[in-house]
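The lines below spell out each chain.
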Amino acid sequence: MAYSGLIKCAILILALVAEASAINIFLEWDVTLDSTIKPVSMDQPVITINGKFPGPLINATTNDFVHVNVFNNMDEPLLFTWNGIQQRLNSWQDGVSGTNCPILPGTNWTYVFQTKDQIGSFFYFPSINFHKAAGGFGAIRVVNRKVIAVPFPAPEAEFDLLIGDWYYDSYKAIRSQMNTSETAYYIVPDIMLMNGKGPLNHPLSTDHESFTVTQGKTYRLRISNVGNAVSFNFRIQNHQMVLVETEGSYTKQITLDSLDVHVGHSYSVLVTANQDEADYYMVASPKLLNTSDYSSLVGIGVLHYSNSVSTVGGPLPEGPDPFDVDFSMTQARSIRWNLTTGAARPNPQGSFNVSNVTLSQTFVLESTVAQIQNVPRYVVNNVSYYTVSTPLKLADHFVNGSGVYILDNFPVQSVNHDAGYGVSVVTGIHKGWVEIVFKNNLAAMDSWHFDGYGFFVVGYGMGDWTTESRSTYNLYDPVVRSTVQVYPGAWTAVYAFLDNPGMWNLRSQLLKHWYLGQELYVRVFDADPDPAKERPPPDNLLLCGIFSDSPPAPAPGPWTREW
């Protein structure tokens, strides 16, 4: 008993020391729809932050508090979400329609979130009104505390590489087509950008991305797919990459000639400048598309050696067949957790494993398309999410959801009933393990994200999932991440430990899928009012929907501590 008490005391002291070392980071963002910044030579508005596209880097350390005061100078309501930042105990700051009232035009609101027990590469983006198609995204880095060793030598420098597909038309025009056109399913983006710049030598590019390196030095590239619809394969001419991290998890270090990056994914790779001093292509080519038909969707940048006197030329480096799903799935299975290294905490990642967990719930979520009231929609288990004017989190806290949603009125297993709309909210058992199986009945790649959590990616497979499919799971060293791809006609399985109370968005990362209904919310509830379990509403809480006219009565409870 005494020994156990000493261990608990030591853990508490370590936690207090970590909190004491955390700092507050204060940012002010002026968000504007800017027609003067042109990623390509088209007349279209771009969402800029402090005049920048992409937006400014958020550079934090584990456990820091980030304050982002957002001034909305656009002509529409606005929200930002922090892709992969888990918002421990604090879904009030998640920045999606189910958790926050939007920031109205001409007003401002301050997000406050903590990078609690996290490291790694992430990004932020605007989450409503199809705004992501107009920009407003930027990189987030969360670096290790000094007392936690990074499992590779310090690189010479780091580069953020935000790659994503882009439309020539304005986001409002594309959004209108999504709302009204029966062919919305088939709208394909037009061009691929690298850090907001078009492909090298493309006739519409106003600039291209270039990184300068020194021969013999090693660099860390933090690569994120910030696009709307297209997975890509990334490679650098004559250079290999060592994969070291993905969305907050250090991976077993594997050497790759190319890397598939799906929508919403973030990776860190190490690249050593070990070639002749020259210029080399950086290429991001689309998956499941014929590049001869979609040549503009091949992103091209340059890796420039500092003493290079030559420019790039000749054919682009070849990648894998874009239709080779087996290659992509095999590579995905090879991305494993590094069990021996620490990450946000000094204990090795392998201290947390799923080899012997007891599952409390299983969700089987099938995605497809349907016509609902003559409008094209994406559905999950034949339900297309209907966005209501009152955030679910607000209704849950003040009126127990009454009048806004009906808890568990969504089927967590596949169903055969006709497709329809629903305000989809399901119960997640607090401190229970949930198995989520994503089944993709679409002809396109899909990608799913779970706000508030990192999940263990335990399995991929073609065709239908059955309980016998569990025999193929990797329960030894599955990687932990917040976004996972689901191949056409295939399934992906993940495990998540629901220890983070709140109202959490579970969605497709493909923008048109999300916008047209492919999402639901998981309500993880703990009745204990202790704010160590879940933080109370912030003092600057915005009200809307059924709470617009008068503030709701405060929720009962003895806790008044401010955070």
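Provided above is the structure to which this section pertains.
Keep in mind that what you see is a predicted model, and the values were worked out from it rather than measured.

Student: How should the packing of aromatic side chains be read in this particular structure?
Tutor: Ring pairs (aromatic) are described by centroid distance and by the angle formed between their planes. For the structure shown, the criterion picks out 30 aromatic pairs. Consider the rings of W337 and F456, whose centres lie 5.5 Å apart with planes at 75°: the pair is edge-to-face. You can see W337 sitting in the loop between α3 (325–334) and β20 (359–372) and its partner F456 sitting in strand β27 (residues 455–462), a full 119 residues away along the chain. Taking the centre distance of 5.8 Å and the plane angle of 70° together, the rings of F398 and F547 count as edge-to-face. Remark: F547 occurs in the segment after β32 (519–524) and F398 occurs in helix α4 (residues 392–399); sequence separation between them is 149 residues.

Student: Help me out: how do you make sense of the nonpolar core in this one?
Tutor: Side chains of nonpolar character tend, in soluble globular proteins, to be buried together. With 79 residues, the main nonpolar core has L221, F234 and F450 as its most contacted residues. Per-element accounting of this core gives the leading share, 6 residues, to strand β30 (residues 490–497). If you look at the next biggest cluster of nonpolar residues, it comprises 39 residues, including M74, F80, Y111 and Y185.

Student: Whenever I open this one, the state of the cysteines confuses me. Can you help?
Tutor: Joining two cysteines, a disulfide is a covalent bond between their sulfur atoms. For the coordinates displayed, the defined rule picks out 1 disulfide. With a sulfur-sulfur separation of 2.1 Å, C101 is cross-linked through a disulfide to C544. Between C101 and C544, the disulfide has an S-S torsion of -90° and is therefore left-handed. Taken together, the positions of C101 in the loop between β5 (80–83) and β6 (108–114) and C544 in the segment after β32 put the pair 443 residues apart, joining distant regions of the chain. Accessibility assignment for this pair places C101 and C544 in one class, buried.

Student: Is there a simple way to explain the pattern of salt bridges in this structure?
Tutor: Close approach of charged atoms allows side chains with opposite charge to pair. For the structure shown, the criterion picks out 18 salt bridges. Salt-bridge contacts for R220 lead to E245; the nearest nitrogen and oxygen are separated by 3.3 Å. Of the two residues, R220 sits in strand β12 (residues 218–225) while E245 sits in strand β14 (residues 241–246), which places them 25 residues apart along the sequence. Both residues of the pair, R220 and E245, count as buried.

Student: Which parts of the structure should I look at to understand the environment of P346?
Tutor: Mapped onto the elements of the fold, P346 is located in the loop between α3 and β20. Here P346 falls in the exposed class, since its relative accessible area comes to 55%. P346 sits 199 residues away from V147 along the chain, and the two C-alpha atoms are 7.8 Å apart. Contacts of P346, omitting those with residues within four sequence positions, involve R145 and I148.

Student: Looking at this structure, I do not really get unusual backbone geometry. What am I missing?
Tutor: Leaving glycine out, the prevailing phi sign among residues is negative, and the prevailing peptide bond configuration is trans. Cis geometry marks the peptide bond from F53 to P54, where omega comes out at -10°. Relative to the elements of secondary structure, P54 occurs in the loop between β2 (46–49) and β3 (58–61). We note that N201 has phi near 65°; this positive angle belongs to a residue other than glycine. Relative to the helices and strands, N201 resides in the loop between β10 (191–194) and β11 (210–213). Given a relative accessible area of 71%, N201 falls into the exposed group. The phi torsion at L288 lies on the positive side, around 60°, for a residue other than glycine.

What counts and what doesn't
Residues numbered from 1 in each chain as written. Predicted model: local features only at pLDDT ≥ 70, side-chain atom pairs only at ≥ 80, totals over all residues. Heavy atoms only, no water. Phe/Tyr/Trp six-rings, centres within 6.5 Å; stacked < 30°, edge-to-face > 60°. Helix = DSSP H or I, 4+ residues; strand = E, 2+ residues; numbered from the N terminus. Core = buried A, V, L, I, M, F, W, Y, C linked by side-chain atoms within 4.5 Å. Buried < 20%, exposed > 50% of the residue type's maximum accessible area, 1.4 Å probe, protein only. Disulfide = S-S within 2.5 Å. Salt bridge = Lys/Arg side-chain N within 4 Å of Asp/Glu carboxyl O. Contact = heavy atoms within 4.5 Å.

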